[in-house]
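Single-letter residue listing:
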Amino acid sequence: MYKIALVEDEKNLNSLVVKYLTSEGYEVVSFTTGEDAKKAISNDISLWILDIMLPGVVTGYDLLKEIRTSNAKMPIIFTSARDQDIDKIMGLEMGSDDYVSKPYSIRELMLRVKNLLNRCYASITEKDTSTEEFNGYIIDFNKRIVTKNNENINLTSKEYDLLLFLLKNKSTAFSRDQILDHVWGSDYFGSDRVVDDLMRRLRQKMPDLSVETIYGYGYRLSL
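What comes next concerns the included structure. These numbers come from a predicted model, not from an experiment.

### With respect to the packing of helix 7 (residues 176-184) against helix 8 (residues 193-205)
Between two packed helices, what matters for the description is the angle formed by their axes and the separation of those axes.
Turning to step 1, where the next piece is worked out: With their axes 9 Å apart at the nearest point, helix 7 and helix 8 run at an angle of 75 degrees to one another. In this view, helix 7 runs roughly perpendicular relative to helix 8, as classed from their interaxial angle. Contact residues: Arg176, Ile179, Leu180, Val183 and Trp184 in helix 7; Val194, Val195, Asp196, Leu198 and Met199 in helix 8.
Turning to step 2, where the next piece is worked out: The residue makeup of the contact of helix 7 with helix 8, split by class, is eight nonpolar, no polar and two charged.

Shown next as structure tokens:
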């Protein structure tokens, strides 16, 4: 059973989300302050849902940093009542996997949770072998680990999803919208700017990956 941590200071919304997550079969732990949530970071959590604006000293951004330090691949969804691009970009740059603006549809949130869990934890059946070497990188598909020169490259779950998509489709050009559909899911509602931001982060961590930019269109992984 997946265990989801919800951090939401609006008590009515917190109770409602917990109710729906529980009805979907998830185990849920909920918090209304960042201070309380911070104590659970080392616990066995499958996915975090974080509100950016929290009362007290510890914000959603602070929690994201702490979670990423503890587990670089932990799936994280950010929520915020401030529907501004800067919040989305900041959250994604810091390593969140998805972003939902308030007020949001509970059904939409449930779909995003389900899709993100499936992408992060579903077994990879398409691969005949458990590892692949590409441009000096060793990709372990079962463990979702990437190494080079025996050193681990800490990718977030979304960065790994993008890498996996590129590896499965070498030499094929994809538009930003196509990458959005394959990596974020067809239910994603947001700007395709997140594709450029995620690609930039992946290139920084894996500079020898040989991803070509097709200006005005999208990207392609070269052989």
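Okay, back to it.
### Overview of the sheet that holds strand 2 (residues 27-31)
Turning to step 1, where the next piece is worked out: In space, the five strands of this open sheet follow the order 2-1-3-4-5, with parallel pairing throughout. Edge positions in the sheet fall to strand 2 and strand 5 (98-101), since each has one partner strand and no second. Ignoring strand direction, the axes of neighbouring strands in this sheet form an average angle of 15 degrees.
Turning to step 2, where the next piece is worked out: Pairing of strand 3 (residues 47-51) with strand 4 (residues 76-80) involves four bridges; the strand directions are parallel. Considered in strand 4, the bridge of Trp48 is made with Ile76.
Turning to step 3, where the next piece is worked out: Along the sheet, helix 1 (residues 11-23) contacts strand 1 (3-7), strand 2 and strand 3; its crossing angle with strand 2, the most-contacted strand, is approximately 170 degrees.

### Re unusual backbone geometry
Turning to step 1, where the next piece is worked out: Here the amide bond leading from Lys102 into Pro103 is cis, since omega sits at -5 degrees, within 30 degrees of zero.
Turning to step 2, where the next piece is worked out: With respect to the helices and strands, the residue Pro103 is situated in the loop between strand 5 and helix 5 (106-121).
Turning to step 3, where the next piece is worked out: The phi dihedral of Ser210 is positive, around 65 degrees, even though this residue is not glycine.
Turning to step 4, where the next piece is worked out: Along the chain, Ser210 falls in the loop between helix 8 and strand 11 (211-214).
Turning to step 5, where the next piece is worked out: The exposure class assigned to Ser210 is partly exposed, which follows from its relative accessible area of 36%.

### Side note on the packing of helix 1 against helix 5
Turning to step 1, where the next piece is worked out: Where helix 1 contacts helix 5, the axes come no closer than 11 Å and their chain directions differ by 55 degrees. Looking at the two axes, helix 1 sits oblique to helix 5. Crossing of helix 1 over helix 5 shows right-handed handedness. Residue-level contacts link Leu13, Leu16, Val17, Tyr20 and Leu21 of helix 1 to Ile106, Leu109, Met110 and Val113 of helix 5.

### With respect to the pattern of salt bridges
Turning to step 1, where the next piece is worked out: Taken as a whole and judged by the stated rule, the model has 16 salt bridges.
Turning to step 2, where the next piece is worked out: Of the charged contacts in the structure, one is a salt bridge between Arg201 and Glu159, with a shortest N-O distance of 3.0 Å. With Arg201 in helix 8 and Glu159 in helix 6 (residues 157-168), this residue pair connects regions lying 42 residues apart in the sequence. Taken individually, Arg201 and Glu159 each receive the classification buried, so the pair is uniform in this respect.
Turning to step 3, where the next piece is worked out: Between Asp197 and Arg200 there is a salt bridge whose closest N-O contact spans 2.7 Å. Highlighted residues: Asp197 and Arg200, both in helix 8, separated by three residues, approximately one helical turn.
Turning to step 4, where the next piece is worked out: For Asp197, a relative accessible area of 7% puts it in the buried group.
Turning to step 5, where the next piece is worked out: The class of Arg200 is partly exposed, set by a relative accessible area of 33%.
Turning to step 6, where the next piece is worked out: The network of salt bridges with common partners includes Glu159, Asp197, Arg200, Arg201 and Lys205.

What counts and what doesn't
Residues numbered from 1 in each chain as written. Predicted model: local features only at pLDDT ≥ 70, side-chain atom pairs only at ≥ 80, totals over all residues. Heavy atoms only, no water. Axes fitted to C-alpha atoms, helices over the stretch in contact; angles between N-to-C directions. Helix = DSSP H or I, 4+ residues; strand = E, 2+ residues; numbered from the N terminus. Parallel < 35°, antiparallel > 145°, perpendicular 65-115°, else oblique. Contact = heavy atoms within 4.5 Å. Nonpolar A, V, L, I, M, F, W, Y, C, P; charged D, E, K, R; others polar. Pairing = 2+ DSSP bridges. Buried < 20%, exposed > 50% of the residue type's maximum accessible area, 1.4 Å probe, protein only. Left-handed = near helix turned anticlockwise from the far one by under 90°. Salt bridge = Lys/Arg side-chain N within 4 Å of Asp/Glu carboxyl O.

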